Amino acid sequence: RLKEYYHLKELKGHKDKVLSLIKLQSGWIATGSYDSITRIWIPEANFCFKEIQEIGAVQCLLEFETDKILSGTTENNICLRDIHSENDDDYICNFIGHYLWVNCLIKCSDKYFASASNDCTIRIWDYYKRKEIREIKAHEDCIFSLIKLKNGNLCSAGADLSIKFWDWEKGLCLKAIKNAHIDTILSLIELNES
């Protein structure tokens, strides 16, 4: 018999589909939507602390350092913003390189993060130097999921039905599983070994 579950709170504010949700180090929540807004929520107060107008629908979010939000959008943009900026001047910089939608953002290390896109590439970025350090021509079609594994490598999947494992530091494909599904792969998770 299935247990019944009920939601504890409902945070309302977006005018379209929510595409991304992350928990921040502060305990707050950030959501990104097709309405081109990133919202910062204080869940215990049912309160939206900040609304950030983005360029394009917000596909993915990443907090690389405390209170700094990276957003990947449908306008091929990765934008870094300060969520505690007093006014609308929260913009810090853009990471420019993708030429189609940015679907995934993940932290690789204390210095680097990775992005994946409809342009079939994974790109590795130096967060502090604010520049791309590597482009990996990763898939034959759009990439929709990118995760970091416990061993430090990356794993990607998407519309070409394949799952691939990467040494991101060298840009090398370590393993590829072709035709892993019969339709687009939207999500990946690493399971515990048993």
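Before reading further, recall that the structure is shown in the block above.
Note that the structure is a prediction, hence the values are computed from the model and not measured.

Cut-offs used in this document
Residues numbered from 1 in each chain as written. Predicted model: local features only at pLDDT ≥ 70, side-chain atom pairs only at ≥ 80, totals over all residues. Heavy atoms only, no water. Pairing = 2+ DSSP bridges. Helix = DSSP H or I, 4+ residues; strand = E, 2+ residues; numbered from the N terminus. Axes fitted to C-alpha atoms, helices over the stretch in contact; angles between N-to-C directions. Salt bridge = Lys/Arg side-chain N within 4 Å of Asp/Glu carboxyl O. Buried < 20%, exposed > 50% of the residue type's maximum accessible area, 1.4 Å probe, protein only.

Caption draft 1: Representation of the sheet that holds strand 1 (residues 18-23). Pairing within the open sheet is antiparallel, and its 4 strands lie in the order 1-2-3-4. The open sheet has two free edges, formed respectively by strand 1 and strand 4 (47-53), since each of these has just one partner strand. When strand polarity is set aside, the average angle formed by the axes of neighbouring strands in this sheet is 20°. In this structure, strand 3 (residues 37-42) lies alongside strand 4, joined through 6 bridges in antiparallel fashion. Paired with Thr-38 across the strands is Ile-52, a residue of strand 4.

Caption draft 2: Structural context of the pattern of salt bridges. Counting across every chain of the model gives 11 salt bridges. The shortest N-O distance in the salt bridge between Asp-35 and Arg-39 comes to 3.3 Å. Residue classification places Arg-39 among the buried residues on the basis of a relative accessible area of 2%. Between Asp-119 and Arg-123 there is a salt bridge; the shortest N-O distance is 3.5 Å. The burial state of Asp-119 is the same as that of Arg-123; both residues are buried. By sharing partners, the salt bridges in this structure join Asp-119, Arg-123, Glu-132, Glu-135 and Lys-137 into a single network.

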